[in-house]
Every structure is written in C-alpha cells, then in structure tokens.
Amino acid sequence: MKVILLQDVENLGKEGDVVEVRRGYARNYLLPRKLAVLATEASISQIEAIRRKKAMTEEKELQEAQALKKLLDGMVLEFRKKAGETGKLYGSLTSKEIAERITQEIRREFDRKHIDLEEPIKDLGEHRVRVNLGRGVTATLTVKVLPEETGGEVSTSGH
C-alpha cells in the first residue's frame, strides 16, 4: 500500500516521501496517528504543490538573508558607554542594543536572536560580532565601544 508521509518516520522516510508499506502497518499505525495519508493521485499532486511552495519560500528566505548579509558585512557600529579607567564598562553592551542600532541603520526590524553574542560586551574597543541570518548565511560586523565624553579623554585599548 502506498502512503505519503506527513512527518519524518524513523526507518521509513522523511516528510513528503511516497513509500510502500504493508496494509496493516498503514491502517493500524501510520494512518490513525496521522503520520501518513493514502497515496492517491489527488494527494500526490497536493504534496507536490506543497513542496513547490515550500521550495519557493526557502529560496525567497535565502535571497533575503543574502541581501541582508550584503548590508551587514563590514558594518561598523559605534556605541558610547560609561567606563572605568581600565576600559571596563560600568554596564555592558547587549545583543538587544546592537539589534536596535541595526534596526535604525537598515531601516527595518531586526531581531536580536540573530546576533551571535556569547556574552554581553563589557570592555571598550573593537569587537567582531557574528550575525546568523538563517539558511546558513552569516555576516560579521564590527562594534566599537567608545568611552562616553566626560571632559577628559580616556585611552581605549582594543582586544
């Protein structure tokens, strides 16, 4: 009996695959659990349409990620923060602040979840920040953390 898998099934196939299984396995396990549907002409053409739509969506997402990479790669963002004489920040620079600045720069919403910051930045200087844009596309930008102007100049040492 031919069925179309609606989900990945271990040792059988992946979602969307058309597989041949025994009648009992289909009737007693796959169909009642909504893991598969019977493979009819209509259901096969419906699955093909879903696959095409999914492929188009994935291609569009990839193109958007690559366009965003072109905008972000090499971008330099400057932040002014209060810091001690040793170059340690009194607070820290978080991925939220970086995302907000990127949103201002590219003039569209940018989610902080894309910023690959292991821990908040706590030192003055230049820091390389990876941005994961999805679909295997990553960009790298530079974040410069400068001391807030407080009258006297504070020396900065990068890392």
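Before reading on, note that the structure itself is shown above.
About the criteria used
- Residues numbered from 1 in each chain as written.
- Predicted model: local features only at pLDDT ≥ 70, side-chain atom pairs only at ≥ 80, totals over all residues.
- Heavy atoms only, no water.
- Salt bridge = Lys/Arg side-chain N within 4 Å of Asp/Glu carboxyl O.
- Helix = DSSP H or I, 4+ residues; strand = E, 2+ residues; numbered from the N terminus.
- Buried < 20%, exposed > 50% of the residue type's maximum accessible area, 1.4 Å probe, protein only.
- Pairing = 2+ DSSP bridges.
- Axes fitted to C-alpha atoms, helices over the stretch in contact; angles between N-to-C directions.
- 1 Å grid on protein atoms, 1.4 Å probe; cavity = no way out; pocket = protein on both sides within 12 Å on 5 of 7 lines; lining within 4 Å.
- Points joined across faces, edges and corners; volume = space filled by probe spheres on them.
- Expected span 1.5 Å × (residues − 1).
- Contact = heavy atoms within 4.5 Å.
- Core = buried A, V, L, I, M, F, W, Y, C linked by side-chain atoms within 4.5 Å.
- Arc of directions from axis to C-beta.

## Considerations on the pattern of salt bridges
Thought 1: Inspection of the entire model under this criterion finds 8 salt bridges.
Thought 2: Residues Arg 135 and Glu 61 are paired through a salt bridge, measuring 2.5 Å at the closest nitrogen-oxygen approach. Residue Arg 135 is found in the loop between strand 8 (125–132) and strand 9 (138–147), and its partner Glu 61 is found in helix 2 (residues 41–72); the two are separated by 74 residues along the sequence.
Thought 3: Relative accessible area serves as the criterion here: at 46%, Arg 135 is assigned to the partly exposed category.
Thought 4: We classify Glu 61 as partly exposed; its relative accessible area is 34%.
Thought 5: What emerges from the salt-bridge pattern is a single network uniting Asp 17, Glu 48 and Arg 51.

## A short note on the sheet that holds strand 3 (residues 36–38)
Thought 1: Taken together, 3 strands build an open sheet; the order of strands is 2-1-3 and the sheet is antiparallel. Whereas interior strands pair on both sides, the edge strands pair on one side only; in this sheet they are strand 2 (18–20) and strand 3. Adjacent strand axes in the sheet meet at a mean angle of 40 degrees, parallel and antiparallel pairs treated alike.
Thought 2: Bridge count between strand 1 (residues 2–5) and strand 3: 3 bridges; the pairing is antiparallel.

## Examining the layout of surface pockets
Thought 1: Taken as a whole, the largest pocket spans an internal volume of roughly 210 Å³.
Thought 2: The wall of the largest pocket is formed by Leu 5, Leu 6, Glu 15, Gly 16, Ile 47, Ile 50, Arg 51, Lys 54, Ala 55 and Glu 58.
Thought 3: Broken down by element, the lining of the largest pocket gets its largest block of residues, 6 residues, from helix 2.

## Looking at helix 2
Thought 1: For helix 2, spanning 32 residues, the distance from its first C-alpha to its last is 46 Å, which sits close to the expected 46 Å at 1.5 Å a residue.
Thought 2: Listed as buried for helix 2 are Ser 43, Ile 47, Ala 65, Leu 68 and Leu 72.
Thought 3: For helix 2, the elements touching its buried residues are strand 1, strand 3, helix 3 (95–106), strand 8 and strand 9.
Thought 4: Count one or two residues on from helix 2 and you reach Gly 74, which has phi positive near 85 degrees.

## So, the nonpolar core
The nonpolar side chains of soluble globular proteins are, as a tendency, buried together.
Thought 1: Core analysis: the largest hydrophobic core is formed by 25 residues, its most contacted members being Leu 72, Ile 98, Ile 102, Phe 110, Leu 133, Leu 141 and Val 143.
Thought 2: The contacts of Ile 98, once residues within four sequence positions are left out, are Leu 77, Phe 79, Leu 93, Ile 115, Leu 117, Ile 121, Val 129 and Val 143.
Thought 3: Residues Leu 5, Val 21, Leu 35 and Ala 36 belong to the second largest nonpolar core, which totals 10 residues.

## Remarks on helix 3
Thought 1: For helix 3, which comprises 12 residues, the first-to-last C-alpha distance of 16 Å matches the rise-based estimate of 16 Å (1.5 Å per residue) to within 8%.
Thought 2: Looking at helix 3, one finds that the buried residues are Ser 95, Ile 98, Ala 99, Ile 102, Thr 103 and Ile 106. Seen from one end, helix 3 has its buried residues packed into an arc of 145 degrees, which puts them on one side.
Thought 3: At the exit of helix 3 stands Arg 107, carrying a positive phi of roughly 55 degrees.

## Examining the sheet that holds strand 4 (residues 76–81)
Thought 1: Reading across the sheet, the 4 strands line up as 4-9-8-6 and stay open at both edges, with mixed pairing between neighbours. With partners counted over all chains shown, the strands left at the sheet margins are strand 4 and strand 6 (115–116), one partner each.
Thought 2: As paired strands, strand 8 and strand 9 are joined by 8 bridges and run antiparallel to one another. Along strand 9, the bridge assignment pairs Arg 128 with Thr 142.
Thought 3: In this fold helix 2 packs onto strand 8 and strand 9, with an angle of close to 30 degrees to the strand it touches most, strand 9.
Thought 4: Against the sheet, helix 3 contacts strand 4, strand 6, strand 8 and strand 9, and its axis sits at roughly 125 degrees relative to strand 4.

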